[in-house]
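What the coordinates show
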Amino acid sequence: MPGQSCCSNHASPSRTTHTAVVGLQWGDEGKGKIVDVLTARHDVIVRYNGGANAGHTVVAEGQKYALHLIPSGILYPDKTCVIGNGTVVDPEKVLEEMEKLRSRGIRVDGRNLLISDRAHVVMPWHKDQDAALEEYLSGVTAGQRGSLAIGTTRRGIGPAYSDKVRRSTAIRMRDLLDPAYLRERMHVICRLRTAELEALGVAVAPLDPDAMAARYTEIGQRLAPHVTDTVYFLHDSIAAGRSLLFEGANAALLDIDHGTYPYVTSSNCSALGIPAGTGVPGGNVGRVLGIMKAYSTRVGGGPFPTELLDDTGNRIRERGREYGTTTGRPRRCGWLDLVAVRYSSMLCGATGIACTLFDVLAGFDELKICVAYRRPDGSMTDRFVPDARGLEGYEPVYETLPGWPETALPASDRAALPGNAQAYLARIEQHLGIPIEMVGIGPDRSQTLVRQPAACC
Ligand code: GDP
Ligand code: IMO
Ligand code: MG
């Protein structure tokens, strides 16, 4: 119950537990599914970073939902979902997502979906800029490193956050509710943007500021019931004893400050983004659940020390159906990299781990986990290097563990798993020094093995 201590595992019995769900790898760890599972025991579900670059899949009662901007908690009609100030919102995409959900009988209205009036708006030119820059860079190579393109989702994320930092050419959600101000800004921005797009080699008809202002004023009117000061809403919720669940998008190794730069996204997607992206001080987050696949994947460019470019990699991709939720791109696959996960757990302050897609590893004779790296000079390290060039030439050092043949895993508890499967999980816990609280054995919300303290909150 909101406002009550849920169990004796928490230090302060009178404090409501607020939880964060963050990806510990390069995205697509199954955050959406775990948020969906945890929503049952929280009141307010909050996105703090990113935009429609995220693709969170939830499978509930045989129905599959792909969410991009709207928090995965939306499937519960009695919860409030918040798109926080640290996100970048593509308003047309969010309207489309709302309509799709409504057409499937999901409640979405101005009371259960709130959007920060300070969130920045992704405009059509941001997507054009994103695509144009990627096209341009894909033709530019840097020695053996290949193309300089990041491999973005082309959802306009980088250009929208660039405008946020640049300030003078940014548009925030609240601006969509002020037609005169919006029109004034469009006149300046459209002129500048047309010139910038032309410089990138994009042949565009000059952007029409009046048409653009009219289109986004209309969009603003449709979104007006949702747009509010979410910072006060969240603090009021905390004061009222409601529990918050922070839903990370993207993942820690894609964090703009702490990921494999420059092959990262443009926001703080580790747990470090929560305070700035919601206005809720980090000290309020008592539980940080790091989401980790039982192996590794990555979409787009950038270093990936344990990548498997062979049949084993293909086998993991097919068994895990590793194709992007947002772009449909095949994901790069490899063995579990515990050097990387130890680093991201440290960064996020993970108090527990959810090990997802565990079922995908069934049927392999043996499994490898990367426990250290060999540097190009032959020396060993157990430290990650959050920089693409810095990681160049690093080779994984593996520990090999026996696999298990059973493909049908019992959906009861971890103790019922095959012995080698239990040993794999135990070895990960030893290396990380963090308990695995949940194990995903299938995409459905019911296919989750939970053990204390996760069972109670
Ligand atoms: P997110 O971006 O972190 O929310 O992850 P995605 O939804 O992009 O990708 C995870 C994929 O794995 C989705 O298709 C999920 O339905 C699926 N999934 C999540 N957990 C499990 C699991 O434990 N087992 C299997 N087989 N699939 C899972
Ligand atoms: P979820 O929330 C996987 C990757 C892109 C690209 C880089 C930058 O579903 O885990 P961007 O469009 O953000 O500028 O792209 O980051 N990327 C993701 N990869 N899952 C995601 O989100 C991602 N969000 C961004 O593939 O390499
Ligand atoms: Mg995803």
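Residues numbered from 1 in each chain as written. Chains lettered and ligands numbered in written order. Predicted model: local features only at pLDDT ≥ 70, side-chain atom pairs only at ≥ 80, totals over all residues. Heavy atoms only, no water.

Focus: the overall build of the protein
Helix and strand counts for the protein stand at 11 helices and 20 strands. In terms of C-alpha radius of gyration, the protein reaches 22 Å, essentially the compact-globule figure of 23 Å for 457 residues. When its C-alpha atoms are laid out on the principal axes, the protein stretches across 65 × 60 × 35 Å. A buried classification covers 56% of the 457 residues belonging to the protein. Within the protein, residue pairs in contact and separated by at least 24 positions form 75% of the contacts whose partners lie at least 6 positions apart. Element-wise, carbon and sulfur atoms account for 51% of the exposed surface of the protein, whose accessible area totals about 18,400 Å². With 50 positive and 51 negative side-chain charges, the protein shows a separation of 2 Å between the mean positions of the two kinds. (Helix = DSSP H or I, 4+ residues; strand = E, 2+ residues; numbered from the N terminus. Rg over C-alpha atoms; globule rule 2.2 N^0.38 Å. Buried < 20%, exposed > 50% of the residue type's maximum accessible area, 1.4 Å probe, protein only. Contact = heavy atoms within 4.5 Å. Areas by Shrake-Rupley, 256 points an atom, 1.4 Å probe, with all protein chains shown as cover. Lys, Arg positive; Asp, Glu negative; His and termini not counted. Charge placed at Lys NZ, Arg CZ, Asp CG, Glu CD.)

Some points on the nonpolar core
Within the largest apolar cluster, 53 residues are counted, with the highest numbers of intra-cluster contacts made by Phe246, Met292, Phe358, Trp404 and Tyr424. Here this core gets five residues from one element, more than from any other, and that element is helix α11 (residues 419-432). Ignoring sequence-local partners within four residues, the contact set of Met292 consists of Leu24, Gln25, Glu29, Leu336, Leu338, Val341, Ile353, Ala354, Cys355, Thr356, Ile428 and Leu432. Of all hydrophobic cores here, the second largest spans 48 residues; its members include Ile34, Ala213, Ile219 and Val227. (Core = buried A, V, L, I, M, F, W, Y, C linked by side-chain atoms within 4.5 Å.)

A few points about the site of ligand 2
Asp28, Lys31, Thr153, Asn250 and Thr265 are the nearest of the 20 residues found near ligand 2. With respect to ligand 2, the side chain of Lys31 contributes an N or O atom lying 2.7 Å from an oxygen atom. Thr265 has a polar side-chain atom sitting 2.6 Å from an oxygen atom of ligand 2. Relative to its unbound accessible surface of 550 Å², ligand 2 loses 97% to contact with the protein. By residue class, the composition of the shell around ligand 2 is seven nonpolar, 10 polar and three charged. In terms of domain composition, the shell around ligand 2 takes at least three residues from each of domain 1 (15-115 + 229-450) and domain 2 (120-225). (Near = heavy atom within 4 Å. Polar contact = N/O pair within 3.5 Å; in protein donor to acceptor, adjacent residues only side chain to side chain. Nonpolar A, V, L, I, M, F, W, Y, C, P; charged D, E, K, R; others polar. Domains from an automatic or database assignment.)

As for the coordination of the magnesium ion (ligand 3)
Protein coordination at the magnesium ion (ligand 3) comes from Asp28 (OD) and Gly55 (O), with a distance range of 2.0 to 2.2 Å. Here Asp28, found in the loop between β1 (18-23) and α1 (31-39), pairs with Gly55, found in the loop between β2 (44-47) and β3 (56-60); they are 27 residues apart in sequence, far enough to count as distant. When its relative accessible area of 10% is taken as the criterion, Gly55 is described as buried. (Donors = N, O, S within 2.8 Å, 3.2 Å for Na, K, Ca; no water.)

Details of the packing of helix α2 (residues 91-103) against helix α6 (residues 209-223)
Two packed helices can be described by the angle between their axes and the distance between those axes. It is at 10 Å that the axes of α2 and α6 come closest, and there the two elements cross at 40 degrees. Relative to α6, the element α2 lies oblique. Both α2 and α6 take part in a crossing whose hand is left-handed. In this structure, α2 uses Pro91, Glu92, Val94, Leu95 and Met98 to contact α6, whose residues at the interface are Arg215, Tyr216, Ile219, Arg222 and Leu223. Split by residue class, the contact of α2 with α6 holds seven nonpolar, no polar and three charged. (Axes fitted to C-alpha atoms, helices over the stretch in contact; angles between N-to-C directions. Parallel < 35°, antiparallel > 145°, perpendicular 65-115°, else oblique. Left-handed = near helix turned anticlockwise from the far one by under 90°.)

A word on the site of ligand 1
Around ligand 1 sit 17 residues in total, of which Lys31, Gly32, Gly55, Thr57 and Asp359 are the nearest. Gly30 is positioned with one of its backbone polar atoms (N or O) 2.8 Å from an oxygen atom of ligand 1. Between ligand 1 and the protein, one listed contact pairs an oxygen atom with a backbone N or O atom of Gly32 at 2.8 Å. For ligand 1, whose free accessible area comes to 580 Å², the fraction covered by protein is 92%. Elements represented by at least two residues in the shell around ligand 1 include exactly α1 and β3. Broken down by element, the residue count for the shell around ligand 1 peaks at three residues, all from α1. Its residues placed into classes, the shell around ligand 1 shows three nonpolar, eight polar and six charged.

Some details on the side chain of Lys33
Its place among the elements puts Lys33 in helix α1. The buried charged residue Lys33 lacks any salt bridge, with Asp359 as its nearest oppositely charged partner at 6.9 Å. At 3.2 Å, the side chain of Lys33 and the side chain of Thr448 are in polar contact. In this structure Lys33 touches Thr57, Val58, Gly440, Ile441, Gly442, Pro443, Asp444, Arg445, Gln447 and Thr448, once residues within four positions along its chain are discounted. (Salt bridge = Lys/Arg side-chain N within 4 Å of Asp/Glu carboxyl O.)

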